[in-house]
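# Geometric and topological summary
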Amino acid sequence: MTGENKGLLYMVTGALFFSAMNVLVKISLRGYPFMETVFFRSFFGLIFVIILLKSRGLPIIGPRPRLLALRGTLGFIGLSCYYYAMGHLKIADAVILNKVSPLFVMIFAYFFLGERLRPQVFIIMAVAMVGIYNVIQPQMDFAPLAGAVGVLSAVVSGGAYVIVKKLSSDHASPQIVLSFVGMASILSIPFLIPVFIWPEPMDWVIFACIGFTSIMGQILLTKAYAVGAPTPVSIASYSVVLVSAFFGYIFLGEVQDSQALMGSVIVLVSLLALPFVRSKPPKPVRSRPMAEV
């Protein structure tokens, strides 16, 4: 099997794990506050990453702890926004809003990494905003707020990914992931204490599975970018939108209405166009994305 095919296989398999995680998160949010899900997702993920680091003989803390802490803080904010949106929107809607983060990655990379920004990016962003409006508009009750929070998760995640790119030059991928799950575990505690509900025995299993599937998805995503060609792998990463929508329908009976579906298609087409207009940075650096938010 060629490296490109391996990259695609890793990415699609990672999408399966992320989609399974989304379903498990949605189930947990039916009985627990979203911040409790944030904590347990991060805490169990922390355990799995520490085991991975120890098995590879890698140090827990990388050479730039302050930048790692910033990456972890942004990851916590992005994850919290994502799970809040997930609690009030259908899985497919929450996922598609979060997946617009590459647009913000390009903007942040322009200001902080010196990457060139082609004019076509602004056209794609305008089209994507039309799609986002249609995703949010059909919903009722908390949806306008939840939709805005969902987009905020993409903005914050975009900033986090730019930091990941800077860290990837001298940090192992598990160290970067550890900063995310470690900071999220710590920062969620003050918000968790007032609303904490002691989990039922089966719910402990669900929380553990959320942590496991998220870490597996991140590892497979990293492998995909390590061995595959960047453009087809980045396109394949959007398979998580389709798989999550399918899982949401199969396991939770969720169906997007026509306007939200049209908006999702518009956003997805816009995102698929990004790899073909993205400019290379002045000094290319091999990035190793390791988180969905």
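Report on the accompanying structure. Predicted model only: the values in this text are computed from it and were never measured. (Residues numbered from 1 in each chain as written. Predicted model: local features only at pLDDT ≥ 70, side-chain atom pairs only at ≥ 80, totals over all residues. Heavy atoms only, no water.)

What the chain contains, in helices and strands, is 12 helices and 0 strands. Taken from the N to the C terminus, the helices and strands of the chain come in the order α-α-α-α-α-α-α-α-α-α-α-α. Over its C-alpha atoms the chain spans a radius of gyration of 18 Å, differing by no more than 12% from the 19 Å that the globule rule assigns to 293 residues. Taken over the C-alpha atoms alone, the chain extends approximately 50 × 50 × 40 Å along its principal axes. When each of the 293 residues of the chain is scored for burial, the buried share is 53%. Summing over all exposed atoms, the chain offers an accessible surface of approximately 13,100 Å²; the carbon and sulfur share of this is 72%. Treating the 21 positive side-chain charges of the chain as one cloud and the 11 negative ones as another, the clouds have centres 17 Å apart. (Helix = DSSP H or I, 4+ residues; strand = E, 2+ residues; numbered from the N terminus. Rg over C-alpha atoms; globule rule 2.2 N^0.38 Å. Buried < 20%, exposed > 50% of the residue type's maximum accessible area, 1.4 Å probe, protein only. Areas by Shrake-Rupley, 256 points an atom, 1.4 Å probe, with all protein chains shown as cover. Lys, Arg positive; Asp, Glu negative; His and termini not counted. Charge placed at Lys NZ, Arg CZ, Asp CG, Glu CD.)

Below, the discussion takes up the layout of surface pockets. Over the atoms rolls a probe the size of a water molecule, and its path tells where empty space is left. Considered as a void within the structure, the second largest pocket measures approximately 170 Å³ in volume. Lining the second largest pocket we find Ile60, Ile61, Gly62, Pro65, Leu68, Ala69, Gln175, Leu178, Ser179, Gly182, Met183 and Ile186. At the level of elements, helix 3 (65-88) and helix 8 (173-192) are the ones that each hand at least two residues to the lining of the second largest pocket. Per-element accounting of the lining of the second largest pocket gives the leading share, 6 residues, to helix 8. (1 Å grid on protein atoms, 1.4 Å probe; cavity = no way out; pocket = protein on both sides within 12 Å on 5 of 7 lines; lining within 4 Å. Points joined across faces, edges and corners; volume = space filled by probe spheres on them.)

A few words now on the packing of helix 6 (residues 119-136) against helix 12 (residues 258-273). Following both chains from N to C, one finds helix 6 and helix 12 inclined at 155°, their axes separated by 7 Å at the closest point. Judged by the inter-axis angle, helix 6 sits roughly antiparallel to helix 12. Pair helix 6 / helix 12 crosses with left-handed handedness. Residues Ile124, Val127, Ala128, Gly131, Ile132, Asn134 and Val135 of helix 6 form the contact with helix 12, whose own contacting residues are Gln259, Ala260, Met262, Gly263, Ser264, Ile266, Val267, Ser270 and Ala273. (Axes fitted to C-alpha atoms, helices over the stretch in contact; angles between N-to-C directions. Parallel < 35°, antiparallel > 145°, perpendicular 65-115°, else oblique. Left-handed = near helix turned anticlockwise from the far one by under 90°. Contact = heavy atoms within 4.5 Å.)

Under the criterion given, the structure shown has 2 salt bridges. Lys26 is the partner of Glu254 in a salt bridge, and the nearest nitrogen-oxygen pair spans 3.6 Å. Taken as a pair, Glu254 in the loop between helix 11 (239-252) and helix 12 and Lys26 in helix 1 (residues 3-29) lie far apart in primary sequence, 228 residues in all. The closest approach of N and O atoms between Asp170 and Arg64, which form a salt bridge, is 3.0 Å. (Salt bridge = Lys/Arg side-chain N within 4 Å of Asp/Glu carboxyl O.)

Moving on to the packing of aromatic side chains. With the rule as written, the count across this model stands at 17 aromatic pairs. Ring geometry for Phe43 and Phe44: centres 5.7 Å apart, planes at 70°, overall edge-to-face. Overall, Phe44 belongs to the buried group, its relative accessible area being 15%. (Phe/Tyr/Trp six-rings, centres within 6.5 Å; stacked < 30°, edge-to-face > 60°.)

On to helix 5 (residues 101-112), then. The end-to-end C-alpha distance of helix 5, which contains 12 residues, comes to 16 Å, matching closely the 16 Å that a straight helix rising 1.5 Å per residue would cover. Those residues of helix 5 that sit buried are Ser101, Pro102, Leu103, Phe104, Val105, Met106 and Ala109. In the segment just after helix 5, Gly114 is the residue with positive phi, at about 75°. (Expected span 1.5 Å × (residues − 1).)

This part takes up a nonpolar patch on the surface. Taken together, the side chains of Phe246, Tyr249, Ile250, Phe251 and Val255 make up a nonpolar region of the molecular surface, amounting to roughly 550 Å² of accessible area. For Ile250, the position within the fold is in helix 11. (Patch = residues over 30% accessible without salt bridge, like charges linked within 9 Å, V, L, I, M, F, W, Y side chains within 5 Å.)

Along the chain, Ser42 turns up in helix 2 (residues 34-56). What makes Ser42 buried here is its relative accessible area of 0%. Residues within four places of Ser42 in sequence aside, it is in contact with Leu79, Val181, Ala184 and Ser185.

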